[in-house]
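Listed below are the residues making up each chain.
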Amino acid sequence: MKDLVRLRTSLSEEIEAILNEQIKLEAKSSSIYLSMASWCERNGFDYSADFFFKQSEEERKHMLKLFKYICDMGGKAISPEVVGIDHEFTSFRGIFEDALIQEIRVTQSINNIVDRCHKLKDYTTVGFMEWFLKEQIEEEYIARRALELFDVIGEEGVGRYMIDKKIPGITYNPE
Ligand SMILES: [Fe+2]
Ligand SMILES: [Fe+2]
């Protein structure tokens, strides 16, 4: 029976499983960014709160993109359960450090998926994942730039206020 079910999709069990893991990771990123937005709201960093609301929305889109791909390929997409979201952060800067760490983690996970796809000769999924590889260049760039503001502007005096104001202006231009 199981073999018959597998015939409905060219996705191998392993690729389906790691794509479902990636769905979980994107959902977790979305929730983490939401908790960061909440912290920024509570601590008077309005621009950064907006920034994290938008980031959260984007991560949900990434999650849905993967979800739909599994569905379109005839596989079984699993609606993710997200647990263990921290709502306390050490500092304003600490949030951006965590954001960069999270993005690097996501990039590593995507690289691992592409690596497994190559090993299993699943070139359809390799092609699909290319969008995510490109997206991560932008995601890491923005997180790194945000963190650099802390060094460039400094946190003394009105520093944090200035940093907060500069956050929405960070954009990535590959050209
Ligand atoms: Fe993402
Ligand atoms: Fe991201």
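First, a word on scope: everything that follows refers to the structure included in this document. Everything numeric in this text was worked out from a predicted model, so none of it was measured.

1. A look at the packing of helix α3 (residues 46–72) against helix α5 (residues 123–153)
Move 1: Relative to each other, α3 and α5 sit at 170°, their axes nearing to 12 Å. Here α3 is positioned roughly antiparallel relative to α5, judged by the angle of their axes. Residues Phe51, Gln55, Glu58, Glu59, His62, Lys65, Leu66 and Tyr69 of α3 pack against Thr124, Thr125, Phe128, Met129, Trp131, Phe132, Glu135, Glu139 and Ile142 of α5.
Move 2: Split by residue class, the contact of α3 with α5 holds 8 nonpolar, 4 polar and 5 charged.

2. Some remarks on the coordination of the iron ion (ligand 1)
Move 1: Donor atoms from the polypeptide that coordinate the iron ion (ligand 1) comprise Glu26 (OE), Glu59 (OE) and His62 (ND1), at 2.1 Å from the metal.
Move 2: Mapped onto the sequence, the donors of the iron ion (ligand 1) take the spacing E-x32-E-x2-H.
Move 3: Here the iron ion (ligand 1) and the iron ion (ligand 2) are spaced 3.3 Å apart, and both take Glu59 as a donor. Here Glu26, found in helix α2 (residues 13–42), pairs with Glu59, found in helix α3; they are 33 residues apart in sequence, far enough to count as distant.

3. Re the coordination of the iron ion (ligand 2)
Move 1: Coordination of the iron ion (ligand 2) by the protein comes from Glu59 (OE), Glu103 (OE), Glu103 (OE) and Glu139 (OE), over a distance range of 2.0 to 2.5 Å.
Move 2: Seen from the iron ion (ligand 2), its 4 donor atoms lie at angles of 55 to 153°, and the figure they make is irregular.
Move 3: Motif for the iron ion (ligand 2), donor spacing along one chain: E-x43-E-x35-E.

4. Details of α2
One turn of an α-helix holds 3.6 residues; hence residues three or four places apart share an orientation.
Move 1: With 30 residues, α2 ought to run about 44 Å at 1.5 Å a step, and its terminal C-alpha atoms sit 44 Å apart, in line with that.
Move 2: Gly44, located one to two residues past α2, shows a positive phi value of around 85°.

Thresholds, definitions, all that
- Residues numbered from 1 in each chain as written.
- Chains lettered and ligands numbered in written order.
- Predicted model: local features only at pLDDT ≥ 70, side-chain atom pairs only at ≥ 80, totals over all residues.
- Heavy atoms only, no water.
- Axes fitted to C-alpha atoms, helices over the stretch in contact; angles between N-to-C directions.
- Helix = DSSP H or I, 4+ residues; strand = E, 2+ residues; numbered from the N terminus.
- Parallel < 35°, antiparallel > 145°, perpendicular 65-115°, else oblique.
- Contact = heavy atoms within 4.5 Å.
- Nonpolar A, V, L, I, M, F, W, Y, C, P; charged D, E, K, R; others polar.
- Donors = N, O, S within 2.8 Å, 3.2 Å for Na, K, Ca; no water.
- Tetrahedral: all angles 85-135°; square planar, octahedral: opposite > 155°, others 65-115°.
- Expected span 1.5 Å × (residues − 1).

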